[in-house]
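What follows is each chain in one-letter form.
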Amino acid sequence: MSIIFSDGFPKEIKRTLSADLETSASISSPTVASILGKMDIDIGTLMVMLLPTASSYAVVPISGFHVGAIALGLAKPDGPGTLYLGSNMEFTGQALLYSVHGEQSATNNAWISGETGLQAIAINAAPCGYCRQFLYETSTANKGFEVLLKENADPKDFRYKAAPLTHFLPDAFGPANLKISDRLMQASTHGFRIDDPDPVIEAALKAANASYAPYTQNASGVALQLDDGQIFAGRYAENAAFNPSMSPLESALAWMNMNRPAGARYYIEDAVLVENASSVISQKEATKAVLSSVAPSVRLRHFPV
């Protein structure tokens, strides 16, 4: 499947976007600034215009319903911020709770790319309760974070309305209610070590050290190696409401999906889980369950640290 672009983009801009998307599902801050100037539009309009592009990455064998989301990273000296695409993912044979939502995917894409917060996120319709709760965990949830919603279904109409995230989740339950000061996307490291040069283990360890697990201390990371040698690692993202937590395997699969060509097939040859051995929970069985659907011949390598 090829990447989809809104008809509102001139051919020159489509070429520019395609160049950025060749390496990852993100649009660099300088490119964003250049496009805004050439098209004389605001950042929100550009984000809405990119929604069909994000949705072209969706993997939806169950619902057939493609969801796209565009997250705006923090402002940079060279432009208004980088744009990160996200899409939903579903896994045949597994419970629906393991599905990755588009908003989660875009946030995960930004977080693993090094962002420590978001300014806004654009989606086609109001976020579901699950995603509102997930987004409320982020470091900028109460710092002007906005949700941009496309106003109508007309593919040539890019008007949108914006409202603070807190508008969608009044009287929210979050980290502060559990006396937690940390927030998702804040830079952190847990200091775990494994003396093994295996690159897949190293990638999973790095992800575990950057994960977010203030409620159970289950710092964990998963790394997947494909048949072409590429390695994609994901981090656990815990949530005050527990259920909207994003497992490290979901994170790795979403990261992989948004950093390969849209619709590209993948063949996983190795999978490693690194997690805090002293936690009151474990990702092992859940990881094995989902892995059995996406890579049934792969045996999970598990490293408690």
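Criteria and cut-off values
- Residues numbered from 1 in each chain as written.
- Predicted model: local features only at pLDDT ≥ 70, side-chain atom pairs only at ≥ 80, totals over all residues.
- Heavy atoms only, no water.
- Helix = DSSP H or I, 4+ residues; strand = E, 2+ residues; numbered from the N terminus.
- Buried < 20%, exposed > 50% of the residue type's maximum accessible area, 1.4 Å probe, protein only.
- Contact = heavy atoms within 4.5 Å.
- Pairing = 2+ DSSP bridges.
- Phe/Tyr/Trp six-rings, centres within 6.5 Å; stacked < 30°, edge-to-face > 60°.

**Here we look at the environment of I268**
Turning to its location among the elements, I268 is positioned in strand β9 (residues 268-275). The class for I268 is buried, based on a relative accessible area of 8%. Between the C-alpha atom of I268 and that of I180, which follows or precedes it by 88 residues, the distance is 36 Å. Excluding residues within four positions of it along the chain, I268 makes contact with L224, Q225, L226, L253, V294, A295 and V298.

**Some words on the pairing of strand β7 (residues 220-226)**
In terms of residue burial, β7 counts as a mostly covered element, since 6 of its 7 residues are buried. Here β7 pairs with β9 via 7 bridges, running antiparallel. Bridge pairing in β9 links A223 to V272. Judged from the 5 bridges that link them, β7 and strand β8 (residues 231-235) form a sheet pairing that is antiparallel.

**Some points on the packing of aromatic side chains**
Applying the stated criterion to the full structure yields 2 aromatic pairs. Aromatic side chains F5 and F9 sit 6.4 Å apart centroid to centroid with 90° between the ring planes, which places their arrangement in the edge-to-face category. Across the pair, exposure class does not vary: F5 and F9 are buried alike. Judged by centre distance (6.3 Å) and plane angle (50°), the ring pair of Y215 and F242 falls under tilted.

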